[in-house]
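A structural walkthrough
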Amino acid sequence: MGFARTCAVALVGVEGVVVEVQADLEPGVAAFTLVGLPDKSLTESRDRVRAAVVNSGADWPQKKLTVGLSPASVPKAGSGFDVAVACAVLGAAERIDPRVLADIVMIGELGLDGRVRPVRGVLPAVLAAADAGYEQVVVPECAAAEAALVPGVSVLGVRSLRQLIAALTDEPMPEEDPDEQGRPDPLLAGLRVPGTGEATGLYGTTLPDHDQGHDLADVVGQLSARTAMEVAAAGGHHVFLQGPPGAGKTMLAERMPSLLPALNRQESLEVTAIHSVAGLLPPGKPMVDIPPYCAPHHSATMQSLVGGGRGLARPGAVSLSHRGVLFLDEAPEFSGFVLDALRQPLEAGHVVIARSAGVVRFPAKFLMVLAANPCPCGRFSAMNDCCECPPSAIRRYQSRLSGPLLDRVDLRVEVEPVTRSELTALGARGESTRTVADRVRAARDRAAGRLSGTPWHTNAEMPGRELRSRWQALPGAMDEAERGLERGLLTARGLDRVLRVAWTVADLSGHDRPDAGDVALALQLRTGVPRGVPMTIGSPA
């Protein structure tokens, strides 16, 4: 009887569970049995592994073979167990020393010719292996850079099963035939999911910081909206932009990622793990280091927005925009059920999805930007009488955004139509993205210094009880906001959000504590009611 074991990783959401792959050979009729709650693609690994072993020059054992995946209660999906299954079988057949395999985690899919193909979720799988105490991992060669992001783990990248067998048995490393020049590497196909190109409205993995194609200086006029976007970027606040078509709402939203600071290493690992599971990491870019931007179409389903799908849930748009920007253009056109599903991740910073195959938890700490027209035709405003929509249609259109959802949005700004003088003026460009981003970075550093030693990093994350007891505004600064609470103009949550925004305005202005002017600007940004304060921070446009 021959027995060998090695390890692989089963992904549950963006978290991994180390799975022990055991192979047992017994005398009897040649058969291959795979047990341990595998899915369809994993069950098919029996044929892939057999063909890959034979085509790699090794003998397939003609005995009764049983491969077990332990723990058996954890659902196992995907083809990433192929390499571990093949090595466990070869260890049981004594082609490889079983003692060498016991402490190695192996991740990868096998082709019929023995090539090791990449799979999605390499980074979270290696993170799970490191957390479990494993120090050696084997991954496909083209995913080695992604696996090497995890410190303290020795990574072996292989291109074929032949190379892996040689490395584990101390034999000369065989040379693989090079691919034809000018043709795409077929092994890279496993890193991307079909249909995840530019049409998905997702970027953030390839664009440089301060993207030259999205400069804030290109936005004409809109001083109030520009100030709101700066405050939102500095404090991590959500924004609602309402205005007619063509006023610049989408332009402002597209420039938001460039205003945000670059991700630190921990944030980059979080975002990269999500994008790796979703199959959105492009070849040659193993780490996402700038905030992602996701702009789903208004026809998006609830599963595509918050996550879901058959079997174990997959990350949705709220998770793909983690640590970045989620832009919902034409927000009233989204389904009411879809929009209301955003309430929980907006408050908790994560989304929990329960399915029959299991419960998964995805991080979803994003900055949301909503954009909407004032009415179905888009021309309704106090300064424009061209709107032909009846009042009932306007009320019905605006009520599609529920009060509880809007109550979670810190900043609400009316985007006015651009005038002829603003559009044709020469040399009247506003501040550039780099200038505003420098102020945002300085404000974030000031907030981080104040919040050091706490679990929070931005003003938008601070809980209300801490704001009221530990980080208070100057005496008398909150009087106007508190009167708004008494009149019913603000909810208790709204009052806390006004104070959070006031702290962000104070950080941008260099104040130690919010004064009456900072609170007045925060109230003006929250309610849209003029308070007699200038709508500008820093240099005027």
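The preceding data block contains the structure.
Let me begin by describing the structure that accompanies this report.

Rules behind the numbers
- Residues numbered from 1 in each chain as written.
- Predicted model: local features only at pLDDT ≥ 70, side-chain atom pairs only at ≥ 80, totals over all residues.
- Heavy atoms only, no water.
- Salt bridge = Lys/Arg side-chain N within 4 Å of Asp/Glu carboxyl O.
- Helix = DSSP H or I, 4+ residues; strand = E, 2+ residues; numbered from the N terminus.
- Buried < 20%, exposed > 50% of the residue type's maximum accessible area, 1.4 Å probe, protein only.
- Expected span 1.5 Å × (residues − 1).
- Pairing = 2+ DSSP bridges.
- Phe/Tyr/Trp six-rings, centres within 6.5 Å; stacked < 30°, edge-to-face > 60°.

Right, let's talk about the pattern of salt bridges for a bit. This model, assessed by the stated rule, comprises 25 salt bridges. One salt bridge in this structure joins Arg439 and Glu230, with 2.8 Å as the shortest N-O distance. Note that Arg439 is positioned in helix H19 (residues 433-450) and Glu230 in helix H8 (residues 223-235), a separation of 209 residues in sequence. Assigned by exposure class, Arg439 and Glu230 land together as buried. In this structure, Asp340 engages Arg343 in a salt bridge whose closest nitrogen and oxygen atoms are separated by 3.2 Å. Under the relative-accessibility criterion, Asp340 is labelled partly exposed at 31%. Through salt bridges with shared partners, a single network forms among Glu347, Asp407, Arg408, Asp410, Arg493, Arg497 and Arg526.

Our next topic: helix H22 (residues 492-509). The end-to-end C-alpha distance of H22 is 26 Å, a good match for the 26 Å that 18 residues give at a rise of 1.5 Å each. Taken across its 18 residues, H22 has 15 buried, putting it largely inside the fold. Residue Gly510 follows H22 closely and has a positive phi angle near 85°.

Burial along strand E11 (residues 239-242) is two-sided: Val239 and Leu241 facing one way and Phe240 and Gln242 facing the other are all buried. Here 4 bridges tie E11 to strand E16 (residues 367-372), and the two strands are oriented parallel to one another. Note that in E16 the partner of Val239 across the bridge is Val369. In the sheet, E11 pairs with strand E17 (residues 411-414) via 4 bridges, with the strands oriented parallel. From the neighbouring strand, Phe240 faces E17, where its bridge partner is Arg412.

With that settled, the discussion passes to the pairing of strand E13 (residues 325-328). Here E13 shows a buried face lined by Val325 and Phe327 and a second buried face lined by Leu326 and Leu328. Alignment of E13 against E16, held across 4 bridges, turns out to be parallel. By the bridge assignment, Phe327 is partnered in E16 with Val369.

What describes a pair of aromatic rings is the distance from one ring centre to the other and the angle between the planes of the rings. Taken as a whole, this structure holds 3 aromatic pairs when the rule is applied. Between the aromatic rings of Phe32 and Trp60, the centroid separation amounts to 5.7 Å while the plane-to-plane angle is 45°, which identifies the pairing as tilted. You can see Phe32 sitting in strand E3 (residues 31-35) and its partner Trp60 sitting in the loop between helix H2 (45-55) and strand E4 (64-70), a full 28 residues away along the chain. Trp60 carries the same exposure label as Phe32, and that label is buried. Centre to centre, the rings of Tyr293 and Phe327 are 6.5 Å apart; their planes meet at 25°, and the pair counts as stacked. One end of the pair, Tyr293, is in strand E12 (residues 293-294); the other, Phe327, is in strand E13, with 34 residues separating them in the sequence. Phe327 matches Tyr293 in its accessibility class, with the two residues each being buried.

Everything listed is a geometric property; what it means functionally is a separate question.
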